[in-house]
Amino acid sequence: MAMAGESSNNNYGDCDGKSHRKVGLVYDETMCKHDTPNGEDHPECPDRIRVIWEKLQLAGVSQRCVVFGGSKAEDKHLQLVHTKDHVSVVKSLSTKKKDYRRNRIASQWNSIYLNGSSSEAAFLAAGSVVELAEKVAEGELDCGYAIVRPPGHHAEPDEAMGFCLFNNVAVAASYLLDERPELGVKKILIVDWDVHHGNGTQKMFWKDPRVLFFSVHRHEHGGFYPAGDDGDHNMVGEGPGEGFNINVPWEQGRCGDADYLAAWDHILIPVAKEFNPDIILLSAGFDAAIGDPLGGCRVTPYGYSVMLKKLMEFAQGKIVLALEGGYNLDSIAKSSLACVQVLLEDKPIQGSSEAYPFESTWRVIQAVRKKLSAYWPSLADVLSSNLIDQKTSTPIIVFSSSDSETEDYADDILDQMSRLNIENHHVDTVSTSWRRDLSKVDVWYASFGSNMWKPRFLCYILGGQVEGMKKVCVGSMDKTPPKQIMWESFPHRLFFGRESSVTWGVGGVAFINPLTNLNDQTHMCLYRITLEQFNDVLFQENGLKVDSDSPLFGLDTLQLVEKKGSIPLASGGWYGNIVCLGKECDIPILTMTCTLSAVEKFKSGEIPLRPPSEAYVNTMVRGLVEGGRLSEEEAKAYIDNAASKPL
């Protein structure tokens, strides 16, 4: 057996004379040293790559591949897509750096943690994808899978974000195109099937016609991480790269095999035939898989294997997978195994799908085809009504006091699994142990936006919506009303930003600067709720499913935020930063807002500052007035001042 870090010398022929594909695998235990500073639980954990490696070994798959350890990226290759300053900052995160300095750097980025081994892991992750891509381009290998972490597709030229330090796939693509022209790689197809939009990769090749970037992701009109308009289908590239950027933005979660395969058959595959790539790099995030705590979708191992098989029809099968996201350990292990078995091409794909895409899926596909048809003639034809009539209604959640949403969701997943007829795969029941623990702990949730009006806030507890809202809230699993309500003012700057939101439509929504400023005072309505309910509010504010098998904000994180004052969360949504404002009756006062890095983007104009809609203003006014905080005239003046005052 070839161990990680060694190169196996496998024989690629059987006694029957049949030739097998040479598949490369990269695994290096060193990348497991990248972890949270104090060993706190986190979705992007070292076990993610360990379970994949163990699964491949137990299945006897790794023994039939060429296995090699990690290779550190060179600065000059990283600087093909990243700024010199960014590379230097990541390099400086060594074990010699003081923890408080690393924590300070991490706090300036969106959804990033760092320890003394983060730099080494990041250099290994990027360098390993480069080496594997080079071996495939040279013909030494036919294809391969780089089991690396930290992931990469969110990392931008000058910024780490979303668990990503370097953009591993983008570095590899630029290396092949710019540093190894003799290999004849002139056109690269990058496919990103991670549930989150590959914002970093998109920006790096925005004007480059040599790279066709395709990202299919949960978007929810800009409400899902990384949020904003970058993942919209209208973002097609610029200048010579116009038409070479394709986004397929799902309007809701729960998309499964049928939805993804429809996007493949009616967008990606026709365009790939026209583009005719020399090699394919795949940002293989498995967080759209069934059971993922952050993704909320339901792609099966069978679905991933079919998507990969369809891509192998191009570029003589020269394809390199690089691990991105995926936070359900069972799902990423099984999905990875299914993909490596496809790379080996040793047996037919087992399974079938009788499910139909969602109605919203066809709507998205049609919009993408219409937008991109000017650049790709294969998308010009209108899809037949017989085809798009084969659909599943977009799910509508019915709210009641029975707390049955989790059961309904699990039953729906199990139903799809049974129709897919997949062997040896199962759906784990949603764990409720964290809910029992957190239901025993009280916190004050300090609201400063529309949630100041109690009926609006109760939508997050009981479910439903109030006048002016365009989206129904799921509600908390525990629908007990707040135990107490009180009002306080805190020295933080209130402002309004973002072009629009799913819940309120066009217009900004409320944020506060996480940093205190004695010159600013923000009115907040405090609700005494359980930490379990606080997590359910967090889930809903950040566009996530409440039926998660793990909390966004647990007891360890609560203790940490009381010490630090502010902590960015793994969700990375608009309200992915928890701020502790102090204590009342020895109970912590918590609020949720944007990260410090997002504040800087608001200041620079990269993220727009926008006044709120009339409906949003009216809701805030009702909260302030009915709470006895301000008169109606004072409330309107307070909101207008916050919306018009420079940040």
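Before any of the text, the structure's been laid out above.
Residues numbered from 1 in each chain as written. Predicted model: local features only at pLDDT ≥ 70, side-chain atom pairs only at ≥ 80, totals over all residues. Heavy atoms only, no water.

Trainee: What is the right way to read the overall build of the chain from this model?
Mentor: Across its full length, the chain carries 20 helices and 18 strands. Sorting the 647 residues of the chain into buried and exposed places 61% on the buried side. The contacts of the chain with a sequence gap of at least 6 include a subset with a gap of at least 24, amounting to 76%. In the structure as shown, the chain presents an accessible area of about 24,600 Å², 47% of it carried by carbon and sulfur atoms. (Helix = DSSP H or I, 4+ residues; strand = E, 2+ residues; numbered from the N terminus. Buried < 20%, exposed > 50% of the residue type's maximum accessible area, 1.4 Å probe, protein only. Contact = heavy atoms within 4.5 Å. Areas by Shrake-Rupley, 256 points an atom, 1.4 Å probe, with all protein chains shown as cover.)

Trainee: Even after reading the chapter, I still don't get helix α18 (residues 596-604), so can you show me in this structure?
Mentor: Because each turn of an α-helix spans 3.6 residues, side chains separated by three or four positions end up pointing in the same direction. Every buried residue belonging to α18 is among S597, A598, V599, K601 and F602, and all of these are buried. In this structure, the buried side of α18 is in contact with β11 (492-497) and β14 (509-516).

Trainee: I tried to follow the packing of aromatic side chains on my own but got confused; where do I start?
Mentor: Two aromatic rings are characterised by how far apart their centres lie and by the angle between their planes. Here the structure, examined in full by the defined rule, presents 24 aromatic pairs. Both rings, one in F457 and one in Y527, keep their centres 4.0 Å apart while their planes meet at 15°; by these two values the pair is stacked. Highlighted residues: F457 in helix α15 (residues 454-462) and Y527 in strand β15 (residues 522-530), separated in sequence by 70 residues. Grouping residues by exposure puts F457 and Y527 together as buried. Members of the aromatic cluster, each reached through a chain of ring pairs, are W193, F214, W264, F286 and Y304. (Phe/Tyr/Trp six-rings, centres within 6.5 Å; stacked < 30°, edge-to-face > 60°.)

Trainee: What exactly am I supposed to notice about the sheet that holds strand β9 (residues 442-447) here?
Mentor: Read across the open sheet, the six strands follow the order β10-β15-β9-β18-β17-β16; overall the sheet is mixed. Each edge of the sheet is formed by a strand with only one pairing partner; in this case those strands are β10 (484-490) and β16 (566-568). Pairwise comparison of adjacent strand axes, ignoring direction, gives a mean angle of 30° for this sheet. Two elements, strand β17 (residues 577-584) and strand β18 (residues 587-593), share seven bridges in a ladder whose sense is antiparallel. Residue pairing across strands places I578 opposite M592, the latter belonging to β18. (Pairing = 2+ DSSP bridges. Axes fitted to C-alpha atoms, helices over the stretch in contact; angles between N-to-C directions.)

Trainee: Which parts of the structure should I look at to understand the packing of helix α9 (residues 301-311) against helix α10 (residues 329-344)?
Mentor: Relative to each other, α9 and α10 sit at 30°, their axes nearing to 8 Å. Classed by the angle they form, the pair α9 and α10 counts as roughly parallel. Every pair of crossing elements has a handedness; the one defined by α9 and α10 is right-handed. Here P301, Y304, S305, L308 and K309 of α9 lie close against α10, whose contacting residues are K334, S335, A338, C339, V342 and L343. Its residues assigned to classes, the contact of α9 with α10 comprises seven nonpolar, two polar and two charged. (Parallel < 35°, antiparallel > 145°, perpendicular 65-115°, else oblique. Left-handed = near helix turned anticlockwise from the far one by under 90°. Nonpolar A, V, L, I, M, F, W, Y, C, P; charged D, E, K, R; others polar.)

Trainee: Would you explain the nonpolar core in this entry?
Mentor: Soluble globular proteins tend to bury their nonpolar side chains together. Counting residues in hydrophobic clusters, the biggest one holds 207 residues, and the most contacted among them are W193 and F534. At twelve residues, helix α5 (residues 118-138) tops the list of elements feeding residues into this core. (Core = buried A, V, L, I, M, F, W, Y, C linked by side-chain atoms within 4.5 Å.)

Trainee: Even after reading the chapter, I still don't get the side chain of E156, so can you show me in this structure?
Mentor: Among the secondary structure elements, E156 is positioned in the loop between β3 (143-146) and α6 (168-179). According to the relative accessible area criterion, E156 is buried, its value standing at 5%. Among the polar contacts listed, one links the side chain of E156 to the side chain of K203, at a separation of 3.0 Å. Among all residues touching E156, those that are not within four sequence positions of it are H82, M161, N199, G200, K203, M204, K601 and E606. (Polar contact = N/O pair within 3.5 Å; in protein donor to acceptor, adjacent residues only side chain to side chain.)

Trainee: Would you take a moment to explain the environment of V61 for this structure?
Mentor: Among the structural elements, V61 can be located in the loop between α1 (47-58) and β2 (66-68). Separated by 283 residues in the primary sequence, V61 and L344 place their C-alpha atoms 8.7 Å from one another. Every residue in contact with V61, bar those within four places of it in the chain, is listed here: L56, L337, V340, Q341 and L344.

Trainee: So what exactly am I meant to see when it comes to the packing of helix α8 (residues 257-275) against helix α11 (residues 359-372) here?
Mentor: Two quantities define a packed helix pair, namely the angle between the axes and the distance from one axis to the other. Their axes nearest at 10 Å, the elements α8 and α11 cross at an angle of 25°. Here α11 runs roughly parallel to α8, going by the angle between their axes. For the crossing formed where α8 meets α11, the hand is right-handed. Where α8 abuts α11, its residues D259, A262, A263, H266 and I267 lie against T361, W362, I365, V368 and R369. Considered class by class, the residues forming the contact of α8 with α11 number six nonpolar, two polar and two charged.

Trainee: Where do I start with helix α17 (residues 555-564) in this structure?
Mentor: Where α17 is concerned, the buried positions are T557, L558 and V561. On an axial view of α17, the arc spanned by its buried residues comes to 105°, and they lie on one face. Downstream of α17 by one or two residues, G565 has phi in the positive range, about 95°. (Arc of directions from axis to C-beta.)

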